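Understanding the architecture of this molecule
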Number of protein chains: 2
Amino acid sequence: MFLSNLMPVKKAQKIIDSSLKKVGVEKISLEDAHKRVLSEEVTSQLNSPPFERSSMDGYAIHAEDTFGFSETNPATLKIIDTIGAGQVSNKIIKHCEAVRIATGAPIPEGANSVVMEEYTNSQGNNLEVEMSLTPRENISPMGEDIKEGDIVLRKGKILKPQDLAIIASAGYNKVNVYKKPNIAVVTTGNELVMPRPSINGAEIINSNHYTFKAMVESAMAIPTVAHCVDSHEIVENEFEKLLETHDALISTGGTAISKGDVVVDVTENIGEVLIHGVALRPGKPFGFGIIHEKPVFMLSGYPVAAIVQADVFVRNSLHKMQGIENEPQIVRKIASRKIPSSLGRTDYIRAKTELNMVKPLKIKGSGIIRSMVESNAYIIIEENIEGIGEGEECNVLPYDSLTV
Amino acid sequence: MFLSNLMPVKKAQKIIDSSLKKVGVEKISLEDAHKRVLSEEVTSQLNSPPFERSSMDGYAIHAEDTFGFSETNPATLKIIDTIGAGQVSNKIIKHCEAVRIATGAPIPEGANSVVMEEYTNSQGNNLEVEMSLTPRENISPMGEDIKEGDIVLRKGKILKPQDLAIIASAGYNKVNVYKKPNIAVVTTGNELVMPRPSINGAEIINSNHYTFKAMVESAMAIPTVAHCVDSHEIVENEFEKLLETHDALISTGGTAISKGDVVVDVTENIGEVLIHGVALRPGKPFGFGIIHEKPVFMLSGYPVAAIVQADVFVRNSLHKMQGIENEPQIVRKIASRKIPSSLGRTDYIRAKTELNMVKPLKIKGSGIIRSMVESNAYIIIEENIEGIGEGEECNVLPYDSLTV
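These numbers were taken from a predicted model, which means no experiment stands behind them.

Thresholds applied
Residues numbered from 1 in each chain as written. Chains lettered and ligands numbered in written order. Predicted model: local features only at pLDDT ≥ 70, side-chain atom pairs only at ≥ 80, totals over all residues. Helix = DSSP H or I, 4+ residues; strand = E, 2+ residues; numbered from the N terminus. Buried ≥ 20, exposed ≤ 12 C-beta atoms within 10 Å, placed from the backbone. Contact = placed C-beta atoms within 7 Å. Least-squares fit on C-alpha atoms with pLDDT ≥ 70 in both. Domains from an automatic or database assignment. Expected span 1.5 Å × (residues − 1). Arc of directions from axis to C-beta. Pairing = 2+ DSSP bridges. Axes fitted to C-alpha atoms, helices over the stretch in contact; angles between N-to-C directions. Bend = angle between axes of the 7 residues up to and from the residue. Parallel < 35°, antiparallel > 145°, perpendicular 65-115°, else oblique. Left-handed = near helix turned anticlockwise from the far one by under 90°. Nonpolar A, V, L, I, M, F, W, Y, C, P; charged D, E, K, R; others polar.

**As for the overall build of chain A**
If you tally the helices and strands in chain A, you get 7 helices and 28 strands. Along the first, second and third principal axes, the C-alpha set of chain A runs to 95 × 50 × 45 Å. A burial count over chain A gives 51% of its 404 residues as buried. Here the analysis covers contacts within chain A between residues at least 6 apart in sequence; of these, 69% occur between residues at least 24 apart.

**Quick notes on the relation of the copies chain B and chain A**
Laying chain B over chain A is done by rotating through 180 degrees and shifting 0.0 Å along the axis; what remains is an RMSD of 0.1 Å. On this basis, the relationship between the two copies can be described by a two-fold rotation axis. Among all residues of chain B, the minimum C-alpha distance to the rotation axis is found for Asp400 of chain B, at 5.1 Å. Looking at the interface residues of chain B, 100% of them are also at the interface in chain A, so both copies use one shared face.

**Focus: the domain arrangement of chain A**
Segmenting chain A into domains produces domain 1 (3–24 + 180–321), domain 2 (25–48 + 150–178), domain 3 (53–140) and domain 4 (331–402). With centres defined by C-alpha atoms, the gap from domain 3 of chain A to domain 4 of chain A works out at 64 Å.

**Comments concerning helix H4 (residues 232–245) of chain A**
All names here are of chain A. The end-to-end C-alpha distance of H4 is 21 Å, a good match for the 20 Å that 14 residues give at a rise of 1.5 Å each. Those residues of H4 lying buried are Val235, Glu238, Phe239 and Leu242. For H4, the arc enclosing every buried residue in end-on projection is 100 degrees, short of the 170-degree limit, so these residues lie on one face. In H4, those exposed residues whose orientation departs by more than 90 degrees from the buried face are Glu233, Lys241 and Glu244. In this structure, the buried side of H4 is in contact with strand E13 (182–188), strand E16 (222–228), strand E17 (248–252), helix H5 (262–270) and strand E20 (287–291).

**Here we look at the sheet that holds strand E21 (residues 294–299) of chain A**
All names here are of chain A. Spatially, E16-E13-E17-E21-E20-E18 is the arrangement adopted by the 6 strands of the open sheet, whose pairing is mixed. At either margin of the open sheet sits one strand with a lone partner, and together these are E16 and strand E18 (272–276). If you compare each strand with its neighbour and ignore which way they point, the axes differ by 20 degrees on average. Bridge count between E13 and E17: 5 bridges; the pairing is parallel. By the bridge assignment, Thr187 is partnered in E17 with Thr252. Sheet contacts for H5: E13, E17, E18, E20 and E21; angle to E20, the most-contacted strand, approximately 30 degrees.

**Details of helix H6 (residues 303–321) of chain A**
Because the α-helix completes a turn every 3.6 residues, residues three or four places apart line up on one side. The principal kink in H6 of chain A, of about 45 degrees, is found at Asp311 of chain A. The element H6 of chain A is largely enclosed, with a buried count of 18 among its 19 residues.

**Overview of the packing of helix H1 (residues 9–17) of chain A against H6 of chain A**
All names here are of chain A. Relative orientation of the contacting elements H1 and H6 amounts to 25 degrees, with a least axis distance of 10 Å. Relative to H6, the element H1 lies roughly parallel. For the element pair H1 and H6, the recorded crossing hand is right-handed. Between H1 and H6, the residues in contact are Val9, Ala12, Gln13 and Ile16 and Val312, Phe313 and Ser317, respectively. Considering only residue class, the contact of H1 with H6 consists of 5 nonpolar, 2 polar and no charged.

**Observations regarding the interface of chain B and chain A**
At the interface, 69 residues of chain B touch 70 residues of chain A. Those elements that place two or more of their residues in the side of chain B that touches chain A are helix H2 (161–169), strand E15 (204–205), helix H3 (208–218), helix H6 (303–321) and helix H7 (369–374) of chain B. It is H2 of chain B that contributes the most residues to the side of chain B that touches chain A, 8 residues altogether.

**What about the pairing of strand E24 (residues 346–354) of chain B?**
All names here are of chain B. The pairing of strand E19 (residues 280–281) with E24 spans 2 bridges and is parallel. When the bridges of E24 are listed, Leu280 appears paired with Thr346. Sheet analysis places E24 next to strand E26 (residues 377–381), joined by 5 bridges and oriented antiparallel. Paired with Asp347 across the strands is Ile381, a residue of E26. Bridge analysis of E24 against strand E25 (residues 357–360) gives 4 bridges, and the strand direction is antiparallel. Within E25, the residue paired with Thr353 across the bridge is Val358. Between E24 and the antiparallel strand that follows it, E25, lie 2 residues; Leu355 among them carries a positive phi value of about 55 degrees.

**What about the pairing of E17 of chain A?**
Both faces of the sheet carry side chains from a regular strand, because those side chains alternate between them. Residue and element names in this part refer to chain A. Among the 5 residues that make up E17, 5 are buried, leaving the element largely enclosed by the rest of the structure. Across 4 bridges, E17 lies against E21 in parallel orientation. Bridge pairing links Leu249 to Val296 in E21.

What follows is the structure in structure tokens.
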């Protein structure tokens with residue numbers, strides 16, 4: 001009937017993508033860089049290790065002095081020095097000499113191998129070596145891990161603990177990252193009240209306040225949450241004020257398609273509405289616009305519709321604004337029962353996965369938050385598919401893959 | 001040779017598990033509860049929705065008034081009132097009457113269905129309905145989402161955006177969660193310096209400082225990082241001081257097995273060493289002890305050994321201290337080439353997964369941070385397995401599954 005006016009999901013995603021701008025870069029302390037996003041590649045200033053080092057606790061020696069010797073016929077050497085971690089030896093090791101060395105310490109001049117302590121006996125300066133060593137044994141070459149000039153990490157990388165280790169080893173205590181976007185969340189609706197133990201009349205608890213604050217956090221951006229009643233003037237003033245200091249705005253409510261609704265009207269008035277109504281279920285009354293060159297995502301008031309719209313259109317946008325390329329990881333699973341769908345509409349069906357199977361939830365309705373809590377994945381039925389038969393494979397998007 | 005003295009990994013994990021205590025609970029604002037861990041179940045104080053509500057924009061009517069009518073032969077009704085979201089109507093709807101109603105608004109008395117606006121035409125007070133409705137159509141029953149007294153979430157749940165929504169809808173603006181553990185990280189080693197563009201002599205950059213601060217953060221705990229040179233007295237004083245205000249301590253360096261090493265000595269002196277040396281590669285010189293009833297994890301100085309030890313022994317412990325049950329998700333993949341291993345030792349081999357395959361990295365060595373950066377999973381070879389053949393299935397632990 002009116003489906004034909006709705007924009008296909010993929011087309012809407014393309015329009016949004018082409019409207020996004022990265023939020024700029026900043027140099028921060030490496031201390032604070034966990035889970036931040038590299039804005040440029042990191043090139044090592046150093047070799048790591050910066051010298052030939054011992055990979056074991058033991059003795060630095062000439063391997064040749066042990067050739068042919070064994071546990072029953074040990075080689076006999078003389079200990080001439082000891083090097084702890086952080087120390088260097090000035091001694092040059094001659095044949096049949098040994099320097100006691102700690103793991104990680106620099107190999108002294110002359111030595112070409114390290115015998116592990118476990119294969120030796122020592123008494124005073126006398127050392128017995130109970131094995132035959134190969135030259136270079138237990139020696140880590142200079143630059144084995146990183147060489148000066150190596151590119152150790154690429155732009156766009158979300159920094160894990162080990163990534164910080166390699167940046168430190170490359171010689172840096174600061175790092176260039178994308179700024180975190182500041183995102184305004186505006187819930188709208190006369191009926192909304194904050195949580196309380198009892199409610200009156202037509203009041204509804206404003207759960208979106210919490211959902212979208214947390215969703216912005218989970219997309220590694222910084223949320224500010226506000227609420228407006230359904231007044232054109234109040235919403236417009238709030239949008240204008242918040243967009244001065246924020247990189248994007250997410251609203252909930254006021255997006256009905258069949259009538260002029262307040263949020264869409266405001267966006268039309270002070271900016272441009274690029275999308276209003278998408279061929280998505282749940283989530284049809286989604287809007288997207290640009291106000292003062294900043295993206296405005298207009299979500300439904302109904303909690304589940306709004307979450308699906310955010311998962312389909314907003315999360316990835318917040319990622320892209322901070323330089324993260326995270327394509328949702330769709331997996332294939334077998335449907336545990338028949339799932340009907342209509343041509344011309346993309347369905348996001350709340351479902352529960354178990355091993356290779358996926359089971360669509362029975363509870364439906366775009367207001368049923370419980371369905372989002374009890375599910376762990378979407379079954380996605382693209383608009384050119386009329387439904388999935390029992391036992392057929394289908395596309396599944398686990399919720400865990402939505403976050404980075 | 002000396003492998004027989006090393007403790008099997010599973011036995012060490014059991015000893016650690018039985019030494020851990022949860023860190024207590026706190027009541028926090030729901031605003032701040034994203035990714036926190038529920039310390040008790042949540043029971044709803046409310047019905048949600050709290051009344052029968054319209055699931056569409058349209059008109060509340062008696063379904064019977066439309067029976068047999070259609071687009072070509074519409075029913076004719078009279079509009080007697082309008083209800084917006086947040087409003088209630090005092091009118092009682094009689095036969096052939098209609099009340100204009102917004103999505104989410106309470107159904108007025110008398111009506112038993114809602115016709116979508118799209119299937120109507122209106123002029124003034126006259127309404128044409130172009131379809132035949134079923135009783136209850138487009139009406140969401142009271143308590144459809146949550147009923148008063150329902151348990152909506154269980155203890156131990158890590159709160160996602162939608163979980164906050166259901167807690168709010170259950171009537172709460174505060175929530176009881178486990179406290180985040182305060183974790184002291186102490187790096188040790190005379191040779192360690194902070195990152196700089198050039199280094200001298202036997203200096204090594206202290207990458208563990210960054211790695212383990214971030215690892216504690218990634219386990220949702222709160223880190224404090226300190227550094228000590230290899231002095232029994234200095235390390236002991238630092239341990240004593242930090243354990244007064246922290247729930248656990250993680251150290252790096254000073255855990256060599258073949259000699260009395262400083263960190264293990266200190267723990268022995270002021271507490272009890274329960275584990276020293278495990279049948280794990282890399283990561284053999286791992287220690288665990290209890291000082292003043294608090295767990296002390298003694299990791300190697302070498303970066304990769306320390307990361308593996310933390311992934312095997314520390315992460316899960318930090319999770320358990322805050323009530324999170326996160327068993328690492330081991331998956332089965334096909335080895336792209338032969339992987340040798342020794343009986344009596346658990347190997348954690350850095351590897352890269354691709355679809356159903358897993359490829360062990362060629363770069364080895366417990367100092368090679370690059371191997372942790374370029375891999376995305378461990379191949380785990382248990383101690384009773386002598387190696388994996390090319391094309392054989394093996395156990396793989398993706399790094400992503402280590403975090404919650």
